[in-house]
Amino acid sequence: MGRKVEPALQSMAGTWEAEMSVDSVMTELVGLWRVLVAAGRELVGQTVLHRTDSIYTYSVLAKGGSQRSERLTTVVRRILVYCLLFNINLASQYVGAGVIINSGADMLSRDRDASDCQLVPAMFEFLWGRFGPFVMDMFASGASAQAVPGTQQLLPYWSLWADGVAAGVDALTADWKAVAARGVLYAFPPVPLVAMITYMGRVQGARQQEGRSGPRPVEEWDQSLLDGLRDDFRSYMRLDLADSTGRSYDSQERQYRKFCVRIGKPEVPDAEVLARFVVGRALNDYKLSTIEVGVAAIARWAADEGLFDAEQQSLASHKLVRRAMRVAAKHAVTSVNQKRPLSRADLQVLVKHLRSRRDFIGDRDAAMFLVGWAGMFRSAELVGIEWRDLQVYKEGGEAEKGVAIYVPYSKTDQAGEGAWVFVAACEEEKEMCPLRALQRLRKWGSADGKVFTAYAGGVGMKKLTVGSRLKQDLRDVGVAEAEQYAAHSLRRGGATHAARQKIALRKIQMMGRWKSDVVRLYLYAAPVELMQAAAQMQRKQR
């Protein structure tokens, strides 16, 4: 957890001790308290803006405490009393989940990945002179990115995490051929990935030269692959996970390891330790959903290592862990902060405003929101759409009825079977037509690559940008409580509107590519609709 304060011309920065980082909400509040005290007289009579990506921290400050935690309430009251005594106007701002400020305390608070490393600058300069200049560093972060020799400018880089600066996220999912079209690429991957990347590179290169696409017999398998399967099998077994799920599991495993160290236990999956971990999280205001993800991550780790009891289906089904989960179900934070669905009326106001901008951003956002809403797309699916995935749908004559969009893989389709999403044209209201919006957007750039790009003819957008753009555009048109909306509001709004149009639930499930009845959780009934339904119950039977 980092801290940074810059009153007047002074500045202070540093990091909290390890034991302060167990409870993120408590750590953030104590951090705020320490900053206020450390700044001293500089803040008297001043306004202090506290920015957070934790809705719970924001809520606790706004309410003056927490009903679930006396410790949090004590710290919050201490902060408020201190501000009152010294005439400090404390303002708290929720910047949104996943929003990365990428400066000040936010930058300091980010743990550096142990596998993130940097080649010695002198060696990098030698490689630059021998093979460069390079146009992209495919494996780096803000902490390990190389500077262009002779300058202070960082070489553009791809990172494992979205940090607001990286040109792309997760190089293993990138189209290297497209990136390499700009020039020579530089890659210094984390050590655990070297064997896998070397193997993938050799196989792709060999297939390009030999034109081979069929299976290889075992005796022709690359030695780097065999070494990896022998020494680092877990890395290959993780290829079945979605990128976001893999990163989430990594985070959960790191937290579990820290817990093991704190209580003096070996850093290995163990039913008793996992049960204690679950109970500890439940009593420290973790959401039940987060605890469930943690159990799944550690159980998978145990299965990969073959450490769970052979009589148990998995570590998660061990009786101690099941009992701990019952404790968590009772004491953990269970409230679900569902994002509001975007109504068609609000979407129409939004699109009209964006059209009036008459620039690329306006046309891009309008097309993105219309397609995302009508196709019930997840944000990752939406930003992954390429122009080659679009096919104008015609019925009968030459009349364009809509557009068919191919989704090669998704959250519920990790095997890559693919699916077609049909988005109809809107004949009655041309400004609300997704097909026309896409045709208008296409005039700004080439017919290749990503449909939704950061700028005209630029690189593809990150999925987190969809939600932040939606919030900003909603603020611009004066929609109340814009912070209650996110990228998922498009998907949920489309599903809700379809239900109100009396489209069968089975068809909505197919249109939104839901694999189960979980689609019911996406449907929203406004209070007025629920009251009308309740009123019907009071009517006499005829």
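For the structure, check the block above.
Read on for an overview of the structure.

Rules behind the numbers
- Residues numbered from 1 in each chain as written.
- Predicted model: local features only at pLDDT ≥ 70, side-chain atom pairs only at ≥ 80, totals over all residues.
- Heavy atoms only, no water.
- Phe/Tyr/Trp six-rings, centres within 6.5 Å; stacked < 30°, edge-to-face > 60°.
- Helix = DSSP H or I, 4+ residues; strand = E, 2+ residues; numbered from the N terminus.
- Buried < 20%, exposed > 50% of the residue type's maximum accessible area, 1.4 Å probe, protein only.
- Lys NZ or Arg CZ within 6 Å of the ring centre and 35° of its normal.
- Salt bridge = Lys/Arg side-chain N within 4 Å of Asp/Glu carboxyl O.
- Core = buried A, V, L, I, M, F, W, Y, C linked by side-chain atoms within 4.5 Å.
- Contact = heavy atoms within 4.5 Å.
- Pairing = 2+ DSSP bridges.
- Axes fitted to C-alpha atoms, helices over the stretch in contact; angles between N-to-C directions.
- Expected span 1.5 Å × (residues − 1).
- Disulfide = S-S within 2.5 Å.
- Polar contact = N/O pair within 3.5 Å; in protein donor to acceptor, adjacent residues only side chain to side chain.

For the structure on display, the rule yields twelve aromatic pairs. A centroid spacing of 5.6 Å and a plane angle of 85 degrees characterise the contact between Tyr 256 and Phe 277, whose relative ring orientation is edge-to-face. Residue Tyr 256 is found in helix α10 (residues 243-262), and its partner Phe 277 is found in helix α11 (residues 271-282); the two are separated by 21 residues along the sequence. Residue classification places Tyr 256 among the buried positions, given a relative accessible area of 0%. Residue classification places Phe 277 among the buried positions, given a relative accessible area of 6%. Geometrically, the ring pair formed by Phe 259 and Phe 277 is tilted, given 5.3 Å between the ring centres and 45 degrees between the ring planes. With Phe 259 in helix α10 and Phe 277 in helix α11, the pair connects residues that are 18 residues apart, well separated along the chain. A network of ring pairs unites the aromatic residues Phe 124, Trp 128, Phe 134 and Tyr 186 as a single cluster. A cation over a ring is seen here: Arg 78 above Trp 33, with NZ or CZ 5.5 Å from the ring centre. Across the ring face of Phe 377, the terminal group of Arg 513 is positioned such that the distance to the ring centre comes to 5.1 Å.

Throughout the structure, instances matching the rule amount to 16 salt bridges. Here Glu 267 makes a salt bridge to Arg 257, at a shortest N to O gap of 3.5 Å. Placement of the pair is Glu 267 in the loop between α10 and α11 and Arg 257 in helix α10, with a sequence separation of ten residues. The exposure class of Glu 267 is partly exposed, given its relative accessible area of 36%. Arg 257 gets classed as partly exposed once you look at its relative accessible area, which sits at 27%. In this structure, Asp 359 and Arg 357 form a salt bridge, with 3.0 Å as the shortest nitrogen-oxygen distance. Residue Asp 359 is classed as partly exposed on the basis of its relative accessible area of 24%. Through salt bridges with shared partners, a single ionic network connects Arg 364, Asp 365, Arg 469 and Asp 473.

What follows covers the nonpolar core. Counting residues in each nonpolar core, the largest one holds 43 residues, and the members touching the most others are Phe 377, Leu 382 and Phe 452. No other element matches helix α15 (residues 360-374), which puts eight residues into this core. Beyond its immediate chain neighbours, meaning those up to four positions away, Leu 382 contacts Met 368, Val 371, Gly 372, Phe 377, Phe 452, Val 466 and Leu 490. Counting residues in hydrophobic clusters, the runner-up holds 24 residues, among them Tyr 256, Leu 274, Phe 277 and Ala 302.

Glancing now at unusual backbone geometry. Phi at Asn 87 is positive, roughly 55 degrees, even though this residue is not glycine. The topology assignment puts Asn 87 in the loop between α3 (70-85) and β4 (89-94). Phi is positive for Met 376, which is not a glycine, with a value near 50 degrees. Structurally, Met 376 can be placed in the loop between α15 and α16 (379-384). According to the relative accessible area criterion, Met 376 is buried, its value standing at 1%.

Here the focus is the sheet that holds strand β10 (residues 400-407). Sheet strands associate in pairs through backbone hydrogen bonding, adopting either a parallel or an antiparallel arrangement. If you walk across this open sheet you meet the three strands as β9-β10-β11, and the pairing is antiparallel. Strands with a single pairing partner mark the edges of an open sheet, and in this sheet they are β9 (390-394) and β11 (419-424). Between one strand axis and the next, the sheet turns through 30 degrees on average, direction left out of account. Relative to β11, β10 runs antiparallel, the two being bridged by six bridges. Across the sheet, Tyr 406 pairs through a bridge with Trp 420, a residue of β11. Together, β9, β10 and β11 form the strand contacts of helix α17 (residues 434-442), whose direction differs from that of β10 by roughly 70 degrees.

Once that is clear, we can look at the side chain of Thr 73. With respect to the helices, strands and loops of the structure, Thr 73 is situated in helix α3. Given a relative accessible area of 11%, Thr 73 falls into the buried group.

This part is about the pairing of β10. In this structure, β9 lies alongside β10, joined through five bridges in antiparallel fashion. Looking at the pairing, Tyr 393 lines up with Gly 402 of β10.

Attention now moves to the environment of Lys 265. Here Lys 265 shows up in the loop between α10 and α11. Taking the relative accessible area as the measure of exposure, Lys 265 reaches 35% and is therefore partly exposed. Setting aside chain neighbours within four positions, we find Lys 265 in contact with Cys 260, Val 273 and Arg 276.

Under the 1.5 Å per step criterion, the end-to-end length of helix α1 (residues 24-39) is 22 Å for 16 residues, consistent within 8% with the ideal 22 Å. Taken together, the buried positions of α1 are Val 25, Met 26, Thr 27, Glu 28, Leu 29, Val 30, Gly 31, Leu 32, Val 35, Leu 36 and Ala 39.

On to helix α12 (residues 288-305). Along its 18 residues, α12 runs 26 Å from first to last C-alpha, staying within 8% of the 26 Å computed at 1.5 Å per residue. What α12 keeps buried is the set Leu 288, Ile 291, Gly 294, Val 295, Ala 297, Ile 298, Ala 299, Arg 300, Trp 301 and Ala 302. In the stretch just after α12, Gly 306 is the one whose phi turns positive, near 65 degrees.

Bringing the state of the cysteines into the picture now. Evaluated as defined, the whole model comprises zero disulfides. A disulfide-free cysteine, Cys 426 has its sulfur positioned 6.3 Å from the sulfur of Cys 433, the nearest such atom. When its relative accessible area of 16% is taken as the criterion, Cys 426 is described as buried. A residue is classified by how much of its surface remains accessible, and Cys 433, at 3% relative accessible area, is buried.

Here we take up the environment of Asn 89. Along the chain, Asn 89 falls in strand β4. Under the relative-accessibility criterion, Asn 89 is labelled partly exposed at 44%. Of the polar contacts made by the side chain of Asn 89, one reaches the side chain of Thr 47; its length is 3.4 Å.

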